[in-house]
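Coordinate inspection notes
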Amino acid sequence: MKEEKKYILDLLKMIGMLLIINSHADIFFPERLRILATGGAIGNSIFFIISGYLTKIPHDNENWKRILFRFFRLYLPMYIVLILNIFTDKNPLARIHDFASAVDVLLWPTPYWFVSSFFVGFILLSVCRESWFENSAKYAVFSLVIFVVYLLCYCFGLSEKYKYIIEDGYLFETGIQFKCIYTFYIYTLGYYIRLSGKTVSGRKAVIITTSSLVLFYGFKYLLQIHTVSMQFQVITHAFVISFSYGILNLALAYEKEYIKVVRPWLRKIIGKLSMISLESYIVQMLLIPVIHQLPGLKFPFNYCFLITAVLLSAFCLHQVDGMMLKKIRSVLFSNR
């Protein structure tokens, strides 16, 4: 039986996309308004939990084909942008001089860490048993394992504990960022919610979402005005996880109301924008430094120009990689 489309998830993806662009566009804001360039961690959490919720992994003999296709779906737009970077003064391909640097640029590139994190998360879910996510007790054990790994990596592997934003620290001197641990957990949380069907009421979802958001930004404010031990900064991850849990439940609880209020033509536009969320995430890394150097543009016009340029470029990139993915799909699944 085919599942009904959740239109409100398109709205969440669009919001997450705009939040991430906004957080990366801090150089466009005047100094006094730079505090408004925020929302990146929240936007990431929205993407990861929705992706986990929408992930379907049939465990059969052709599972490797789905994994390979997911690789192309995630990495293809990134490779296209990497090639375009050849024409800028930050050519990442020029940094490839051995196997380790090739892995760093092509498989786990720091600016596009989310691509690698999504793909690894998909692989790990592919080898996990669905029963782990259908049963609350088993998922609780799974969560405990992730939490232990999280603590061990923090205590022994985080190489940059002096940094303000702990999630940007690297593990064991590698290019793997610390935030990949808890974003993977958010990914599995969305998968668990869909398979188990365990949701909360709309009222509880509102409370969880708003309280998590207030605590997250309140704690970040305290980190900015006081010297706080780095050990306490990981608390922000707990608030992000609870926010992602609340916002997905909130969306699922009010899907019917959303359909009643939002016109079909507007839902269609929002759906189109949500489809280019991955491409917009990738292409903004190329456009932000380029547009920032353009003369004569002041805030807020430079900011509006950036948003427009990112969305248009992401749409074009989506068309290009979409055509290539169509060919790849026909080759991989030609026997169907």
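Keep in mind the model is a prediction, meaning the values are calculated, not measured.

Structural notes on the nonpolar core
Of all hydrophobic cores here, the largest spans 90 residues; its most connected members are Phe 114, Val 115 and Phe 178. Setting aside its immediate chain neighbours within four residues, Phe 114 contacts Phe 48, Leu 278, Tyr 281 and Ile 282.

So, the confidence of the model for the protein
Here the protein averages 87 in pLDDT, and 92% of its residues register 70 or above. Confidence, expressed as mean pLDDT per element, reaches its minimum in the protein at helix α10 (residues 230-233) with 62 and its maximum at helix α13 (residues 264-275) with 94.

Focus on unusual backbone geometry
In the segment running from Phe 299 into Pro 300, the intervening peptide bond is cis, with an omega of 10 degrees. You can see Pro 300 is positioned in the loop between α14 (277-292) and α15 (301-332).

Structural notes on the packing of helix α1 (residues 7-24) against α13
The interhelical angle for the contact between α1 and α13, taken along N-to-C directions, is 55 degrees, at an axis separation of 8 Å. Comparing their axes, α13 and α1 come out oblique. Note that α1 runs across α13; the crossing there is left-handed. Contacts from Tyr 7, Asp 10, Leu 11, Lys 13, Met 14 and Met 17 of α1 reach α13 at Arg 267, Ile 270, Gly 271, Leu 273 and Ser 274. Class assignment for the residues of the contact of α1 with α13 results in six nonpolar, two polar and three charged.

A short note on the environment of Ile 123
By the secondary structure assignment, Ile 123 is in helix α5 (residues 113-127). Residues Ile 123 and Asn 63, spaced 60 residues apart in sequence, show a C-alpha to C-alpha distance of 10.0 Å.

A look at helix α3 (residues 63-84)
Its 22 residues place the ends of α3 32 Å apart at the C-alpha level, agreeing with the 32 Å of an ideal helix rising 1.5 Å per residue. The principal kink in α3, of about 35 degrees, is found at Tyr 75, preceding the proline Pro 77 by one to four residues.

Here we look at the packing of aromatic side chains
What characterises a pair of aromatic rings is the spacing of the ring centres plus the angle enclosed by the ring planes. One pass over the structure, following the stated rule, counts 26 aromatic pairs. When the centroid spacing of 5.7 Å and the interplanar angle of 80 degrees are considered together, the rings of Phe 71 and Phe 72 count as edge-to-face. For the pair Tyr 139 and Tyr 192, a centre-to-centre distance of 4.3 Å together with 5 degrees between the ring planes defines the contact as stacked. In this pair, Tyr 139 is assigned in helix α7 (residues 136-157) and Tyr 192 in helix α8 (residues 179-196), connecting sequence segments 53 residues apart. A relative accessible area of 4% means that Tyr 139 is categorised as buried. Feature note: the residues Phe 47, Phe 48, Tyr 112, Trp 113, Phe 114, Phe 118, Tyr 187 and Tyr 281 constitute an aromatic cluster, connected by ring pairs.

Some remarks on the state of the cysteines
Going through the model one piece at a time under the given rule, you end up with zero disulfides. Cysteine Cys 304 is unpaired, with the sulfur of Cys 316 as its nearest cysteine sulfur at 20 Å.

As for a nonpolar patch on the surface
On the surface, a cluster of nonpolar side chains totalling about 730 Å² of accessible area is made up of Leu 144, Phe 147, Val 148, Leu 151, Leu 152, Phe 156 and Phe 172. With respect to the element layout, Leu 152 can be found in helix α7.

Quick look at the pattern of salt bridges
Evaluation of the coordinates by the stated rule reveals four salt bridges. The salt bridge involving Arg 34 is made with Glu 31; its shortest N-O contact spans 3.5 Å. Across the pair Arg 73 and Glu 279 runs a salt bridge, and its minimum N-O distance is 3.2 Å. Here Arg 73, found in helix α3, pairs with Glu 279, found in helix α14; they are 206 residues apart in sequence, far enough to count as distant. The exposure class assigned to Glu 279 is buried, which follows from its relative accessible area of 0%.

Looking at the packing of α3 against α14
Contact geometry for α3 and α14: axes closest at 10 Å, N-to-C directions at 20 degrees. Comparing their axes, α14 and α3 come out roughly parallel. Our pair here, α3 against α14, has a crossing hand that is right-handed. Residues Arg 73, Leu 74, Pro 77, Met 78, Val 81 and Leu 84 of α3 pack against Leu 278, Glu 279, Ile 282, Val 283 and Leu 286 of α14.

Thresholds applied
- Residues numbered from 1 in each chain as written.
- Predicted model: local features only at pLDDT ≥ 70, side-chain atom pairs only at ≥ 80, totals over all residues.
- Heavy atoms only, no water.
- Core = buried A, V, L, I, M, F, W, Y, C linked by side-chain atoms within 4.5 Å.
- Buried < 20%, exposed > 50% of the residue type's maximum accessible area, 1.4 Å probe, protein only.
- Contact = heavy atoms within 4.5 Å.
- pLDDT = per-residue confidence, 0-100.
- Helix = DSSP H or I, 4+ residues; strand = E, 2+ residues; numbered from the N terminus.
- Axes fitted to C-alpha atoms, helices over the stretch in contact; angles between N-to-C directions.
- Parallel < 35°, antiparallel > 145°, perpendicular 65-115°, else oblique.
- Left-handed = near helix turned anticlockwise from the far one by under 90°.
- Nonpolar A, V, L, I, M, F, W, Y, C, P; charged D, E, K, R; others polar.
- Expected span 1.5 Å × (residues − 1).
- Bend = angle between axes of the 7 residues up to and from the residue.
- Phe/Tyr/Trp six-rings, centres within 6.5 Å; stacked < 30°, edge-to-face > 60°.
- Disulfide = S-S within 2.5 Å.
- Patch = residues over 30% accessible without salt bridge, like charges linked within 9 Å, V, L, I, M, F, W, Y side chains within 5 Å.
- Areas by Shrake-Rupley, 256 points an atom, 1.4 Å probe, with all protein chains shown as cover.
- Salt bridge = Lys/Arg side-chain N within 4 Å of Asp/Glu carboxyl O.

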